[in-house]
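The residues making up each chain are set out below.
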Amino acid sequence: KIEPLKVTVDFLKVPLGLKKPPLKEALAALPGKPKSQILERHKPRRSDAMDNESQYSGYSYKSGHSRSSRKHRDRRERHRSKSRDGTRGDKSVTIQAPGEPLLDNESTRGDERDDNWGETTTVVTGTSEHSISHDDLTHITKDMEDSAHLDCSRHLGVALGAALALLAFLTPLAFLLLPQLLWREELEPCGTPCEGLFISVAFKLLILLLGSWALFFRRPKAFFPRVFVFRALLMVLVFLLVVSYWLFYGVRILDSRDRNYRGVVQFAVSLVDALLFVHYLAVVLLELRQLQPQFTLKAVRSADGTSRFYNVGHLSIQRAAVWILENYYHDFPVYNPALLNLPKSVLSKKMSGFKVYSLGEENSTNNSTGQSRAVIAAAARRRDNSHNEFYYEEAEHERRVRKRRARLVVAVEEAFTHIKRLQEEEQKNPREIMDPREAAQAIFASMARAMQKYLRTTKQQPYHTMESILQHLEFCITHDMTPKAFLERYLTAGPTIQYHKDRWLAKQWTLVSEEPVTNGLKDGVVFVLKRQDFSLVVSTKKIPFFKLSEEFVDPKSHKFIMRLQSETSV
Amino acid sequence: SYLISFSFQQRIEIHKLRQGDNLLLGFSIGGGIDQDPTQNPFSEDKTDKGIYVTRVTAGGPAEVAGLQVGDKIMQVNGWDMTMVTHDQARKRLTKRNEEVVRLLVTRQSLQKAVQQSMMS
């Protein structure tokens, strides 16, 4: 699997002029560390002097990053950075601060650890965001190959639609102009009614143009795996309409050189009317039909069980999938692989301490299953205290998180008291006046450590680089936000779309469905949206039919009495 | 030893005491079908809307006759008292022309099980 990667990388290294050993050798050069954690992918800045910077941390941020992420550019850059990793195979070890092992996802460093990205330039690295395993490499190469021919088919569809639309638009004009051009002298003069019809044709075409622009000229929000049935239907309809009109025109008018120009104009007007009705049909089919909610979709993330419910109308499975994805990016909290598993200390004690030896068994498969069953049974018989461990571990973690959070809140509050907005009337020394970026940098140092410790405890540190925190701080300062508003982003895990595009972790989703994806949704349909690390399982339920009945309650009928508890002496 | 709870019926004859123009019985009643049964402290079943004796004046005719607090009055002189309103119950007890009222009451009783006899 390395070979195709090597080929593409070799291709890319030519303009860069870098010589790199193959990745295997680079990996072998690193002493004894697990493969998946070593390769650090650094995002290169625009300048090419990267090799000289010894302080490349996982928190680097690519400035000047253009908004539209075109697939090719991203991939090429990723490849480029990988090739640079290859050259610095040995250097990637020395980049870390001396004596500190790599940080893996699940280790939470104690308070005594000296993390200083806030203050200096030495590096803290190795978080999983920036490491690629072999699987990732192969996936990326596969993506590159796949996308090449898929783009063609999508563009074909768009081109076809555009051509058809143009044809349909120009046809009425052609109908009107051809008699004028070809047999002008023989035409009967046609006065006011024709002029009225000309005006109506002009305006109807304008309305059609505006309507088509509003409805169709949109950046596609997704690429569907299969043909969009309604669009195809409409294109076929338009095509048939135009062709049949041309047929009639050719036979009745061109061949016979009809003199009645008014008839021709009316013919053209009828075509424009028909096109407007097709546009109306398009609005109804593409936009209106799905608005009324008919189904409730439940989307569950397989990794951690987060679930949401959505109401949708009549959609095909692929459109429903896109709808779910649109909502996924702003509803579901971001997928954090570090938070998934029970800490190893809780689970690891289960299987230790039992070794089962078999005496005189000849069938090896029976042997192994019998052995494992014996181990499991023995372990189950032992008094199982792991739930206890889990409970105390969780309580301890809660306490730790709350303590760090308190420190963070206090630090941020204090930091915000150091700056204030310059009022117009005040006269200040120009040296003392700062723009938001400088103000942010000025107060960042005092809260940096508390922030970093908090992020580390809640395992959010891959999601927030130093640069992103500074930018957010600058943003909050500019808009006069309170410390609480600034912290809102860090205290709770937000939806995926809030984070940097690289955290979106590939927009490539795979739709897995038993039914054809152009089928409409029905009660009980289940489909899965797969990605590398997790998948979204979506199940459909029909919204129940409500029988609403009316009951009239006379406002005067609301009457009350006291609850009695009398005692009478007799 | 343990407690056994049971209810038994008792017939009680009260001779009314004349005080001026009134005939007194010497106890108070609570309950009735128009009252709130959940507030009755004496009933076992809180949906019971019967008439209960809530107080017995010391030395009065009711105490002399053996009526106790918490008794549920089932009948008065043959008239049923389980499904009457509070006022109807009062009226049936305080008829001017009756000097003697014969009540059928139900009483809850808790008694210690007789274990000594078993042990001996």
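Residues numbered from 1 in each chain as written. Chains lettered and ligands numbered in written order. Predicted model: local features only at pLDDT ≥ 70, side-chain atom pairs only at ≥ 80, totals over all residues. Heavy atoms only, no water.

Draft legend 1. Summary view of the overall build of chain B. Tallying secondary structure elements over chain B gives three helices and eight strands in all. If you list the helices and strands of chain B from N to C, you get β-β-β-β-β-α-β-β-α-β-α. Residues classed as buried in chain B amount to 39% of the 120 residues present. With an accessible surface of roughly 7200 Å², chain B has 51% of that area assigned to carbon and sulfur atoms. (Helix = DSSP H or I, 4+ residues; strand = E, 2+ residues; numbered from the N terminus. Buried < 20%, exposed > 50% of the residue type's maximum accessible area, 1.4 Å probe, protein only. Areas by Shrake-Rupley, 256 points an atom, 1.4 Å probe, with all protein chains shown as cover.)

Draft legend 2. Region of the structure containing unusual backbone geometry. One non-glycine residue, A:Asp480, lies in positive phi territory at about 55 degrees. The class of A:Asp480 is exposed, set by a relative accessible area of 51%.

Draft legend 3. Geometry of the pattern of salt bridges. All names here are of chain A. Evaluation of the coordinates by the stated rule reveals 14 salt bridges over all chains. One salt bridge in this structure joins Lys-204 and Asp-273, with 2.6 Å as the shortest N-O distance. With a gap of 69 residues between them, Lys-204 in helix α7 (residues 192-216) and Asp-273 in helix α9 (residues 261-288) connect regions that are remote in the sequence. Take Lys-204: its relative accessible area is 22%, and that puts it in the partly exposed class. Between Arg-399 and Glu-396 there is a salt bridge whose closest N-O contact spans 3.2 Å. A residue pair is termed a helical-turn pair when its members lie 3 or 4 positions apart in one helix, as Arg-399 and Glu-396 do in helix α13 (residues 386-416) at three residues. Taking the relative accessible area as the measure of exposure, Arg-399 reaches 46% and is therefore partly exposed. A relative accessible area of 34% means that Glu-396 is categorised as partly exposed. (Salt bridge = Lys/Arg side-chain N within 4 Å of Asp/Glu carboxyl O.)

Draft legend 4. Summary view of the interface of chain B and chain A. Listed as interface residues are 19 residues of chain B and, on the opposing side, eight residues of chain A. Counting each side, the surface lost to burial between chain B and chain A is near 1100 Å², with a carbon and sulfur contribution of 46%. Three residues stand out in chain B for area buried against chain A, namely B:Gln35, B:Asp36 and B:Gln39, and they jointly supply 35% of the buried area on that side. At the boundary of chain B with chain A, the tally comes to one salt bridge. For B:Arg55, the salt bridge is made with A:Glu567, and the minimal N-O distance between the two is 3.1 Å. The tally of links between chain B and chain A comes to nine residue pairs in polar contact (both at pLDDT 80 or more). Elements represented by at least two residues in the side of chain B that touches chain A include exactly β4 (27-30), β5 (51-56) and α2 (86-93) of chain B. In terms of residues, the side of chain B that touches chain A owes the most to one element, β4(B), which gives four residues. Class assignment of the residues belonging to the side of chain B that touches chain A gives a composition of five nonpolar, 10 polar and four charged. When strand β6 (residues 567-569) of chain A meets β4(B), the two strands line up antiparallel, connected through three bridges. (Contact = heavy atoms within 4.5 Å. Buried area = accessible area lost by both parts, 1.4 Å probe. Polar contact = N/O pair within 3.5 Å; in protein donor to acceptor, adjacent residues only side chain to side chain. Nonpolar A, V, L, I, M, F, W, Y, C, P; charged D, E, K, R; others polar. Pairing = 2+ DSSP bridges.)

Draft legend 5. Region of interest: the UniProt feature "transmembrane region" (unreviewed entry) in chain A. Residue and element names in this part refer to chain A. Feature annotation in UniProt assigns "transmembrane region" (unreviewed entry) to the following positions: residues 156-177, 197-216, 228-247 and 267-288. In this annotation, residues 156-177 is assigned 100% helix and 0% strand; the end-to-end C-alpha distance for the span is 31 Å. Along residues 267-288 one finds 100% helix and 0% strand; the C-alpha atoms at either end are 30 Å apart. (UniProt positions renumbered as here; feature names shortened; annotations may be inferred.)

Draft legend 6. Seen up close, the sheet that holds strand β4 (residues 526-530) of chain A. Residues and elements named next belong to chain A. Here five strands make up an open sheet; going across it, the order is β2-β1-β5-β4-β3 and the pairing antiparallel. Sheet topology places β2 (307-312) and β3 (510-513) at the edges, where each strand pairs with a single neighbour. Neighbour-to-neighbour, the strand axes of the sheet open up by a mean angle of 25 degrees, direction not taken into account. Taken together, the six bridges between strand β1 (residues 295-301) and β2 define a ladder with antiparallel strand orientation. (Axes fitted to C-alpha atoms, helices over the stretch in contact; angles between N-to-C directions.)

Draft legend 7. Region of interest: the pairing of β4(A). Residue and element names in this part refer to chain A. Bridging between β3 and β4 involves four bridges; their strand directions are antiparallel. Within β4, the position partnered with Ser-513 by the bridge is Phe-527. For β4 and strand β5 (residues 535-542), the ladder comprises five bridges, and the chain directions are antiparallel. Looking at β5, one finds that Val-526 is bridged to Ser-539. Between the antiparallel neighbours β4 and β5 lie four residues.

Draft legend 8. Focus on the packing of aromatic side chains. All names here are of chain A. Within this structure, the stated rule accounts for 19 aromatic pairs over all chains. Both rings, one in Trp-246 and one in Tyr-249, keep their centres 5.9 Å apart while their planes meet at 90 degrees; by these two values the pair is edge-to-face. Placement of both Trp-246 and Tyr-249 in helix α8 (residues 229-254) is noted, with a separation of three residues, approximately one turn of the helix. Assessed through its relative accessible area of 29%, Trp-246 is described here as partly exposed. Tyr-249 gets classed as buried once you look at its relative accessible area, which sits at 0%. With a centroid separation of 5.5 Å and an interplanar angle of 75 degrees, the aromatic rings of Tyr-328 and Trp-509 are classed as edge-to-face. One end of the pair, Tyr-328, is in helix α10 (residues 317-331); the other, Trp-509, is in the loop between α16 (483-491) and β3, with 181 residues separating them in the sequence. Each member of the pair Tyr-328 and Trp-509 is classed as buried. The aromatic ring of Phe-534 is capped on one face by Arg-301, whose charged end is 5.7 Å from the ring centroid. Sitting over the ring of Trp-509, Arg-531 keeps its end group 5.0 Å from the ring centre. (Phe/Tyr/Trp six-rings, centres within 6.5 Å; stacked < 30°, edge-to-face > 60°. Lys NZ or Arg CZ within 6 Å of the ring centre and 35° of its normal.)

Draft legend 9. Structural context of the state of the cysteines. Residues and elements named next belong to chain A. In total, this model carries one disulfide over all chains according to the counting rule given. The disulfide partner of Cys-190 is Cys-194, and the gap between their sulfur atoms is 1.7 Å. Measuring handedness by torsion sign, the sulfur bridge of Cys-190 and Cys-194 sits at about 110 degrees and is right-handed. (Disulfide = S-S within 2.5 Å.)

Draft legend 10. Highlighting the confidence of the model for chain B. When the pLDDT values of chain B are averaged, the result is 88; 92% of them are 70 or greater. Per the prediction output, this complex has pTM 0.59; the corresponding ipTM is 0.82. (pLDDT = per-residue confidence, 0-100.)

Draft legend 11. Region of interest: the nonpolar core. All names here are of chain A. Counting residues in hydrophobic clusters, the biggest one holds 32 residues, and the most contacted among them are Leu-241, Tyr-261 and Val-265. Elements that contribute at least two residues to this core include exactly α6 (134-182), α7, α8 and α9. It is α9 that contributes the most residues to this core, 12 residues altogether. Apart from the residues within four sequence positions on either side, Val-265 is in contact with Leu-176, Cys-194, Leu-197 and Phe-198. Val-401, Ala-415, Ala-448 and Ile-477 belong to the second largest nonpolar core, which has 24 residues in total. (Core = buried A, V, L, I, M, F, W, Y, C linked by side-chain atoms within 4.5 Å.)

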